[in-house]
Amino acid sequence: MTDFEVFLEYLPRILQGALVTLEVALLSVVLAVVIGFVGALFRLSKNLVISSIGTFYSTFVRGVPELVWMLMIFYSIQIGLNQVTEYMGWNYIEISPMIAGVLTLSFIYGAFFTETFRGAILAIPKGSIEAGEAYGMSKFQVATRIIFPLMMRFAIPGMKNNWLVLNKATALVSLIGLEDMTLIAHMAGTATHMSFTFNLLSALVFLMGSWLSLRLFKYLEVHYSRGVLQGVEV
């Protein structure tokens, strides 16, 4: 069997792993955005206790490497949970690599989105928020109808950077046994002695995802800048 035939044999599995990688990335970024928005509101709260919680979360999480969090959540928390279930006489709880990966990445990058959104919220004219409050909107309505849409225009550049980093960090889930693209490419390369070929394929798929992401964020930048006068060089 030629190298090309071996490559074609493993290609469907690697592409299937790419879908798993994409699923992890999309689920993680959605949760991270929600966590980040709530975290930003906590950070900017006038209540000292709430503000301190947001600050502690953002600072503590960003200060610990992603790999440490991944191993901690997948192994340490699972062991702790099952010590409790054993004591209570409940059934054994097993955290799947998919759930552990998504929760870990969203937990980590929620802290980065917290700082991105905090800076974006501070850039919003205070008059817009005060107008919503004067109109009689609740805090939830002000947050979802005024703060979030206006914030997005300032947050897009930071969100783009966070997404690109998160997308690459999905490779970490291979360390806890999830058969994503990185793990399958590694196993294929080891089994066939074609590590460079299969890892290069994995790298190219990540690069393609990054290129498509940049195109999407370009559209979002235009979308959320509607109605805003842009500076024009003369």
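Scroll up to find the structure.
Note that the structure is a prediction, hence the values are computed from the model and not measured. (Residues numbered from 1 in each chain as written. Predicted model: local features only at pLDDT ≥ 70, side-chain atom pairs only at ≥ 80, totals over all residues. Heavy atoms only, no water.)

Undergrad: Could you clarify how one ought to interpret the packing of helix 1 (residues 3-43) against helix 7 (residues 181-192) in this entry?
TA: For any two helices packed against each other, the geometry comes down to the angle between their axes and how far apart the axes lie. As a packed pair, helix 1 and helix 7 sit with axes 7 Å apart at the nearest point and diverge in direction by 160°. One element, helix 1, and the other, helix 7, form an angle in the roughly antiparallel class. In terms of crossing hand, the pair formed by helix 1 and helix 7 is right-handed. Taken together, the residues of helix 7 that come into contact with helix 1 (itself represented by Val6, Tyr10, Arg13, Ile14, Gly17, Ala18 and Thr21) are Met181, Ile184, Ala185, Met187, Ala188, Ala191 and Thr192. A class-by-class count of the residues in the contact of helix 1 with helix 7 yields ten nonpolar, three polar and one charged. (Axes fitted to C-alpha atoms, helices over the stretch in contact; angles between N-to-C directions. Helix = DSSP H or I, 4+ residues; strand = E, 2+ residues; numbered from the N terminus. Parallel < 35°, antiparallel > 145°, perpendicular 65-115°, else oblique. Left-handed = near helix turned anticlockwise from the far one by under 90°. Contact = heavy atoms within 4.5 Å. Nonpolar A, V, L, I, M, F, W, Y, C, P; charged D, E, K, R; others polar.)

Undergrad: What should I look at first to understand the environment of Thr114 in this one?
TA: Its place among the elements puts Thr114 in helix 4 (residues 97-122). Here the alpha-carbon distance between Thr114 and Ala32, two residues 82 residues apart in the chain, equals 8.8 Å. Within the structure, Thr114 has its side chain in polar contact with the backbone oxygen of Gly110 (distance 2.7 Å). (Polar contact = N/O pair within 3.5 Å; in protein donor to acceptor, adjacent residues only side chain to side chain.)

Undergrad: Help me understand the layout of surface pockets in this model?
TA: A water-sized probe rolled over the atoms picks out the places where empty space is left. Of the volumes computed, that of the largest pocket is approximately 810 Å³. Lining the largest pocket are 17 residues, and of these Leu44, Lys46, Ile129, Glu133 and Ile147 lie nearest its centre. Mapped by element, the contributors of at least two residues to the lining of the largest pocket are helix 1, helix 4, helix 5 (126-134) and helix 6 (139-169). For the lining of the largest pocket, the residue count by class is eleven nonpolar, one polar and five charged. (1 Å grid on protein atoms, 1.4 Å probe; cavity = no way out; pocket = protein on both sides within 12 Å on 5 of 7 lines; lining within 4 Å. Points joined across faces, edges and corners; volume = space filled by probe spheres on them.)

Undergrad: Help me understand unusual backbone geometry, please; the structure alone is not making it clear to me.
TA: Trans peptide bonds make up most of the peptide bonds, and negative phi angles are found at most residues other than glycine. Although it is not a glycine, His193 sits at a positive phi angle of roughly 60°. With respect to the helices, strands and loops of the structure, His193 is situated in the loop between helix 7 and helix 8 (195-224).

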